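One letter stands for each residue in the lines below.
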Amino acid sequence: MVSDAQNWGLSNLIYDDSTLSLNHIFNNPEDNSKWVTVNSINNPSGLQAAAVVPLSEWEAQKNKNPKKYDTIVVVARGSESNNALDVVQDWLVADVYQG
């Protein structure tokens with residue numbers, strides 16, 4: 001199970017571009033847990049996300065095919081735009097219209 005502290009840390013770490021790199025091992029400063037990126041997307045449309053697993057599970061599965069992880073967390077970035085209209089539109093659709 002993933003703790004609130006781990007979720008918080010992963011949510012912040014997704015904004016580090018290296019987190020999108022496949023097999024990138026990183027430390028979650030919220031609880032010092034170690035994680036690995038097992039899949040990611042960095043789409044020109046703005047979609048940026050990563051699937052991460054605990055380092056211990058990754059090490060146990062890295063030479064197996066297919067890989068079976070018990071804990072996978074999908075972490076996505078929020079809106080990033082230099083265009084103010086895009087930011088306002090995202091806010092309206094996500095927060096105002098959907099409640």
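So, a few notes on the structure that sits alongside this text. (Residues numbered from 1 in each chain as written. Predicted model: local features only at pLDDT ≥ 70, side-chain atom pairs only at ≥ 80, totals over all residues. Heavy atoms only, no water.)

### Observations regarding the sheet that holds strand β4 (residues 73-76)
For clarity, the cut-off: For two strands to be treated as a pair, DSSP must find no fewer than two bridges joining them. The helix count covers DSSP runs of H or I at least four residues long, the strand count covers runs of E at least two residues long, and both are numbered beginning at the N terminus. Each axis is a line fitted through C-alpha atoms, and for a helix only the stretch in contact is used; angles between axes span 0 to 180 degrees, taken between their N-to-C directions. Whether two residues are in contact is decided by their heavy atoms, any of which lying within 4.5 Å being enough.
Taken in spatial order, the four strands make up an open sheet running β1-β2-β3-β4, and their pairing is antiparallel. Each having just a single partner strand, β1 (25-28) and β4 make up the two edges of the open sheet. Direction aside, the axes of adjacent strands within the sheet are offset by 40° on average. Where β1 meets strand β2 (residues 33-42), four bridges bridge the pair, whose relative direction is antiparallel. What sits directly across from Ile25, in β2, is Val36. Seen against the sheet, helix α1 (residues 4-13) touches β1, β2, β3 (48-54) and β4 and runs at an angle of roughly 125° to β1.

### Regarding the nonpolar core
To keep things clear, this is the line we draw: Put simply, a nonpolar core is a bunch of buried Ala, Val, Leu, Ile, Met, Phe, Trp, Tyr and Cys residues held in one set by side-chain atoms that sit within 4.5 Å of each other. A 1.4 Å probe rolled over the protein chains alone gives each residue an accessible area, and that area as a share of the maximum for its type sets the label: buried under 20%, exposed over 50%, partly exposed in between.
Leu10, Leu13, Ile14, Leu20, Phe26, Trp35, Ala50, Val52, Val73 and Val75 form the largest nonpolar core, which has ten residues in total. Residue assignment for this core shows that the elements contributing at least two residues are α1, β3 and β4. Those residues within four positions of Val75 in sequence are excluded, and the remaining contacts are Leu10, Ser11, Ile14, Gln48, Ala49, Ala50 and Val52. Formed by five residues, the second largest nonpolar core is a distinct cluster that contains Val36, Val53, Leu55 and Tyr69.

### What about the pairing of β2?
Between β1 and β2, which pair antiparallel in sequence order, lie four residues; one of them, Asn32, sits at a positive phi of approximately 65°. Sheet topology places β2 next to β3; seven bridges connect them, and they run antiparallel. Note on β3: the bridge partner recorded for Ser40 is Ala50. Taking the residues between adjacent antiparallel strands as the criterion, β2 and β3 are bridged by five residues, where Gly46 takes a positive phi near 115°.

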